[in-house]
Amino acid sequence: MKEAMVDWARQIAEAELGDVLSRRWAHSKGVAARAGSVGQVLGKDSDLLAAAAVLHDVGYAPRLAVTGFHPLDGARFLRDEHGADERLVRLVANHSFALLEAEERGLRKTLEAEFPLLEEPLLVDALVYCDMTTTLDGESTTTQERVAEILGRYGTDSLVGRFIRRAAPEIFAAVERVEAALASQPR
């Protein structure tokens, strides 16, 4: 991937989210900024992470919300309207343990069939890290605070609340793995 891909991704995300969902756009920009701080552990895939980070929530855009499940809607948009890189689309589709939420929504088989999870654990974990350590306003936070904020916003018994409670151990573990990879980098 080239820096041009990151610029393209930012333009797409801003066009879809910037005017209609300014807070979601702020979050996406914050997640992308976070990607810049962890890209060193990914080497040649740092631009892929940055592109996925800025696009991960594009499926929230009202005009794209077909199923109401933003990872699936966003991935379909990127694939169908933009012919985006397959790895990028699969990262967006599966960000932050989306398969568990897809299961809650009765969409797991659809998500798995259209967008199989990448077999690149550090890259997948890095996107989880970036998303789950960034507030809705684009600021840095702890993973525990982010999970608590999601539970507070949606409610513990809501569909998203059930998903995030199920996903929390996996989210915490992914963040720990990325933090360990970052700590092992030469300074």
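Just above, that's the structure.
Residues numbered from 1 in each chain as written. Predicted model: local features only at pLDDT ≥ 70, side-chain atom pairs only at ≥ 80, totals over all residues. Heavy atoms only, no water.

J.: Could you give an account of the overall build of the chain, naming the residues involved and the relevant values?
T.: Regarding its fold elements, the chain presents 10 helices and zero strands. Reading the chain from its N end, one meets helices and strands in the order α-α-α-α-α-α-α-α-α-α. Whereas a compact globule of 187 residues would reach a radius of gyration of roughly 16 Å, the chain reaches 15 Å, a difference of no more than 12%. With the C-alpha coordinates aligned to their principal axes, the bounding extent of the chain is approximately 45 × 35 × 30 Å. When burial is assessed residue by residue, the chain has 50% of its 187 residues classed as buried. Relative to all contacts within the chain whose residues are 6 or more apart in sequence, the contacts with residues 24 or more apart total 67%. Only carbon and sulfur atoms are counted for the fraction: they give 50% of the accessible area of the chain, which is about 8700 Å². (Helix = DSSP H or I, 4+ residues; strand = E, 2+ residues; numbered from the N terminus. Rg over C-alpha atoms; globule rule 2.2 N^0.38 Å. Buried < 20%, exposed > 50% of the residue type's maximum accessible area, 1.4 Å probe, protein only. Contact = heavy atoms within 4.5 Å. Areas by Shrake-Rupley, 256 points an atom, 1.4 Å probe, with all protein chains shown as cover.)

J.: Account for the packing of helix α1 (residues 3-17) against helix α4 (residues 70-82), with residues named and values stated.
T.: Remark: α1 packs on α4, axes separated minimally by 13 Å, with the N-to-C direction vectors making an angle of 115 degrees. When the axis of α1 is compared with that of α4, the two are roughly perpendicular. Between α1 and α4 lies a crossing whose hand is right-handed. For the pair formed by α1 and α4, the contact residues are Trp8, Ile12 and Glu16 on the first element and Phe77, Leu78 and His82 on the second. Class assignment for the residues of the contact of α1 with α4 results in four nonpolar, one polar and one charged. (Axes fitted to C-alpha atoms, helices over the stretch in contact; angles between N-to-C directions. Parallel < 35°, antiparallel > 145°, perpendicular 65-115°, else oblique. Left-handed = near helix turned anticlockwise from the far one by under 90°. Nonpolar A, V, L, I, M, F, W, Y, C, P; charged D, E, K, R; others polar.)

J.: A description of α1 should follow, citing residues and the corresponding values.
T.: The end-to-end C-alpha separation of α1 is 21 Å, in line with the 21 Å expected for 15 residues at 1.5 Å each. Looking only at α1, the buried set comprises Val6, Ala9, Ile12, Ala13, Glu16 and Leu17. When α1 is viewed along its axis, its buried side chains cluster within an angular range of 125 degrees and face the same direction. The outward face of α1, more than 90 degrees from its buried face, is lined by the exposed residues Glu3, Ala4, Gln11 and Ala15. (Expected span 1.5 Å × (residues − 1). Arc of directions from axis to C-beta.)

J.: Quick one: what's the story with the pattern of salt bridges, residue by residue and with numbers?
T.: All chains considered together, the criterion is met by 21 salt bridges. For Asp45, the salt bridge is made with Lys44, and the minimal N-O distance between the two is 3.8 Å. According to the relative accessible area criterion, Asp45 is buried, its value standing at 11%. A salt bridge links Arg177 to Asp125, with the shortest nitrogen-to-oxygen separation between them at 2.6 Å. In this pair, Arg177 is assigned in helix α10 (residues 159-183) and Asp125 in helix α8 (residues 121-132), connecting sequence segments 52 residues apart. A relative accessible area of 41% places Arg177 in the partly exposed class. Relative accessible area serves as the criterion here: at 6%, Asp125 is assigned to the buried category. (Salt bridge = Lys/Arg side-chain N within 4 Å of Asp/Glu carboxyl O.)

J.: Requested: an account of the packing of helix α3 (residues 46-55) against α8, with residues and values cited.
T.: As a packed pair, α3 and α8 sit with axes 10 Å apart at the nearest point and diverge in direction by 40 degrees. The angle between α3 and α8 falls in the class oblique. Here the hand of the crossing between α3 and α8 comes out right-handed. Contacts between α3 and α8 pair Leu48, Leu49, Ala52 and Ala53 from the former with Leu123, Ala126, Leu127 and Cys130 from the latter. Classifying every residue of the contact of α3 with α8 by side-chain character gives eight nonpolar, no polar and no charged.

No statement about biological role is implied by the geometric values presented.
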